[in-house]
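The primary structure of each chain is shown beneath.
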Amino acid sequence: MAEEERKNEGKNQYSIIIPTYNERLNIALIVYLIFKHLRDVDFEIIVVDDGSPDGTQDIVKQLQQVYGEDRVLLRARPKKLGLGTAYIHGLKHASGNFVVIMDADLSHHPKYLPSFIKKQLETGASIVTGTRYVKGGGVHGWNLMRKLTSRGANVLAHTFLWPGVSDLTGSFRLYKKSVLEDIITSVVSKGYVFQMEMIVRASRKGYRIEEVPITFVDRVFGSSKLGGSEIVEYLKGLAYLLVTT
Amino acid sequence: MLTFGKLTNSQDKGAPFSPMKHIFKIISLLAAISAFWVGLLQASIIPRTHTWLLPIYLVVSLGCYGLLMVGVGLMQFPTCPQEAVLLQQDIAEAKGFLKDKGVDVGSD
């Protein structure tokens, strides 16, 4: 399978879906960095903006003037409608045979995109997911509490779900388009449980999943999204995944 | 436990099929352990009083193992302070390029 895909290397197109909400500056930076690091790759960037009030869409239009409307696509939606549906919306407009999903806030650095692509070509994997938790990867900007809850959540998920990947909640991933389309329709969770459900369902269906180390720089200091309700939501999500996958 | 996951991932099936639900794997495992425990109770190789306590020992050991894993993972948590610096450089580079091309890279 990997051999065949290597021969088709020249014909692969990568659709990079980036959901945005109030990422006026970051979207410009990230588009620049993607073009910088994917020089000889056939790709398109699909920005799914949920009606940002800060003028994100105007910036995207300026970027289209610089890079071309065929490389930077704006597929906006009227208001905040959720991450899962943003991916589905982006998928409808994706012409590539591979789809990359990543965050717009530069916590996911485009410099890792070549390693995702390379890993997929080497192994023929259906999904390549970025992991922050292995050597070569890492996190910056997390305090001890955040690391503790992350590690605790990870151990819990591994004990009960046996997922086969080290980073379950990561959202920096490369999918074969057909695989993404197959899984995303059966996922019902929201938030980061959504990302967990995606990878667990893929694992259960027997899709080959590979990992590459990535570094994650959290620039949103102080907004520790980990209150009691987050923990409850996580446990409920874990229980749901335990029983339904 | 990681190996269970790896075993199913090594072949890329891709085509739709119905694997055994994960919860059934866990239930089977628990059933096997329970059967073994009941067997021990009946065979009386180990004194009965000890055997009755075995499940508690198991749960406590698992709990300790879990806590150990959390602690070890916390100590070995990979960090990358240099990445923050590199990112600032990338941002400066990007802003410079885009400003020249007429993209508004003003305030956030």
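None of these values were measured; they are calculated from a predicted model.

Trainee: Please explain the overall build of chain A as it appears in this structure.
Mentor: Along the backbone of chain A there are 9 helices and 9 strands. For chain A, whose C-alpha radius of gyration is 17 Å, the value lies close to the compact-globule estimate of 18 Å for 245 residues. Seen through its C-alpha atoms, chain A measures out along the principal axes to roughly 50 × 45 × 35 Å. In chain A, which comprises 245 residues, the proportion classed as buried is 58%. Element-wise, carbon and sulfur atoms account for 55% of the exposed surface of chain A, whose accessible area totals about 9800 Å². If the 32 positive side-chain charges of chain A are averaged to one point and the 26 negative ones to another, these points end up 4 Å apart.

Trainee: How should the side chain of Arg77(A) be read in this particular structure?
Mentor: All names here are of chain A. Here Arg77 shows up in the loop between strand S3 (72-74) and helix H4 (83-92). When its relative accessible area of 8% is taken as the criterion, Arg77 is described as buried. Here Gly82 takes part through its backbone oxygen, which lies 3.0 Å from a polar atom of the side chain of Arg77. For Arg77, the contacting residues outside a window of four places in its chain are Val48, Asp49, Asp50, Gly51, Gly82, Thr85, Ala86 and His89.

Trainee: How should the UniProt feature "transmembrane region" (unreviewed entry) in chain B be read in this particular structure?
Mentor: Within this structure's numbering, the places UniProt gives as "transmembrane region" (unreviewed entry) are residues 23-46 and 52-74 of chain B. Across residues 23-46 of chain B, helical content stands at 88% and strand content at 0%; the span's end C-alpha atoms are separated by 31 Å.

Trainee: Would you take a moment to explain the packing of aromatic side chains for this structure?
Mentor: The geometry of two aromatic rings is summed up by the distance between their centres and the angle between their planes. Counted according to the given criterion, the structure contains 10 aromatic pairs over all chains. When the centroid spacing of 4.6 Å and the interplanar angle of 35 degrees are considered together, the rings of Phe116(A) and Phe172(A) count as tilted. Of this pair, Phe116(A) sits in helix H5 (residues 113-123) while Phe172(A) sits in the loop between helix H6 (144-161) and strand S7 (173-176), placing them 56 residues apart in sequence. There is no split in this pair, since Phe116(A) and Phe172(A) are both buried. Ring pairs connect the aromatic residues Tyr133(A), Trp142(A), Phe216(A) and Phe77(B), which therefore count as one cluster. Sitting above the plane of the Phe43(A) ring, Arg71(A) keeps its charged end 4.5 Å from the centroid. Seen from the ring of Phe216(A), Arg132(A) lies directly overhead, with NZ or CZ sitting 5.0 Å from the centre.

Trainee: Would you explain the environment of Arg151(A) in this entry?
Mentor: Relative to the elements of secondary structure, Arg151(A) occurs in helix H6. Considered as a pair, Arg151(A) and Tyr133(A) are 18 residues apart in the sequence and their alpha carbons are 9.1 Å apart. Apart from residues no more than four positions distant in its own chain, Arg151(A) is found in contact with Met69(B), Val70(B), Gly73(B) and Leu74(B). From its side chain, Arg151(A) meets the backbone oxygen of Met69(B) in a polar contact 3.3 Å long.

Trainee: What am I meant to see in the interface of chain A and chain B here?
Mentor: It is common to report an interface's size as the accessible area lost on association of the parts. In this complex, chain A contributes 55 residues to the contact, which on the side of chain B involves 49 residues. Each partner contributes to the roughly 4500 Å² buried at the junction of chain A and chain B, and carbon and sulfur atoms together form 65% of this total. It is Leu25(A), Tyr32(A) and Trp162(A) that lose the most area in chain A upon contact with chain B, and together they represent 17% of the buried surface on that side. Inspection of the chain A/chain B interface yields 4 salt bridges. For Lys111(A), the salt bridge is made with Glu83(B), and the minimal N-O distance between the two is 2.7 Å. At the junction of chain A with chain B, the criterion picks out 15 residue pairs in polar contact (both at pLDDT 80 or more). Counting only elements with at least two residues in the side of chain A that touches chain B, the list comes to helix H2 (24-37), helix H3 (56-67), strand S6 (138-140), H6, helix H8 (191-204), strand S9 (215-217) and helix H9 (228-244) of chain A. The greatest single-element share of the side of chain A that touches chain B, amounting to 11 residues, is contributed by H6(A). Its residues assigned to classes, the side of chain A that touches chain B comprises 27 nonpolar, 17 polar and 11 charged.

Trainee: Please explain the pairing of S7(A) as it appears in this structure.
Mentor: In regular strands, side chains alternate between the two faces of the sheet. Residue and element names in this part refer to chain A. Burial of the side chains of S7 extends over both faces: Arg173 and Tyr175 are buried on one face and Leu174 and Lys176 on the other. Alignment of strand S4 (residues 98-101) against S7, held across 4 bridges, turns out to be antiparallel. Its bridge partner being in S7, Phe98 is matched across the sheet by Lys176. Note that strand S5 (residues 127-131) and S7 share 3 bridges and pair antiparallel. Looking across to S7, one finds that Ile127 is bridged to Tyr175.

Trainee: How should the nonpolar core be read in this particular structure?
Mentor: Proteins that are soluble and globular tend to have nonpolar side chains buried together. Ranked by size, the top nonpolar core spans 47 residues in total, and within it Ile16(A), Ile18(A), Ile27(A), Val31(A), Ile34(A), Leu63(A) and Met102(A) carry the most contacts. Of all the secondary structure elements, the ones that give two or more residues to this core are strand S1 (14-20), H2, strand S2 (43-49), H3, S3, S4 and H5 of chain A together with helix H4 (81-100) of chain B. Considering every element that reaches this core, the biggest residue donor is H2(A), with 10 residues. Apart from the residues within four sequence positions on either side, Val31(A) is in contact with Ile45(A), Leu63(A), Tyr67(A) and Val72(A). Counting residues in hydrophobic clusters, the runner-up holds 35 residues, among them Met198(A), Tyr207(A), Leu238(A) and Leu241(A).

Parameters and conventions
- Residues numbered from 1 in each chain as written.
- Chains lettered and ligands numbered in written order.
- Predicted model: local features only at pLDDT ≥ 70, side-chain atom pairs only at ≥ 80, totals over all residues.
- Heavy atoms only, no water.
- Helix = DSSP H or I, 4+ residues; strand = E, 2+ residues; numbered from the N terminus.
- Rg over C-alpha atoms; globule rule 2.2 N^0.38 Å.
- Buried < 20%, exposed > 50% of the residue type's maximum accessible area, 1.4 Å probe, protein only.
- Areas by Shrake-Rupley, 256 points an atom, 1.4 Å probe, with all protein chains shown as cover.
- Lys, Arg positive; Asp, Glu negative; His and termini not counted.
- Charge placed at Lys NZ, Arg CZ, Asp CG, Glu CD.
- Polar contact = N/O pair within 3.5 Å; in protein donor to acceptor, adjacent residues only side chain to side chain.
- Contact = heavy atoms within 4.5 Å.
- UniProt positions renumbered as here; feature names shortened; annotations may be inferred.
- Phe/Tyr/Trp six-rings, centres within 6.5 Å; stacked < 30°, edge-to-face > 60°.
- Lys NZ or Arg CZ within 6 Å of the ring centre and 35° of its normal.
- Buried area = accessible area lost by both parts, 1.4 Å probe.
- Salt bridge = Lys/Arg side-chain N within 4 Å of Asp/Glu carboxyl O.
- Nonpolar A, V, L, I, M, F, W, Y, C, P; charged D, E, K, R; others polar.
- Pairing = 2+ DSSP bridges.
- Core = buried A, V, L, I, M, F, W, Y, C linked by side-chain atoms within 4.5 Å.

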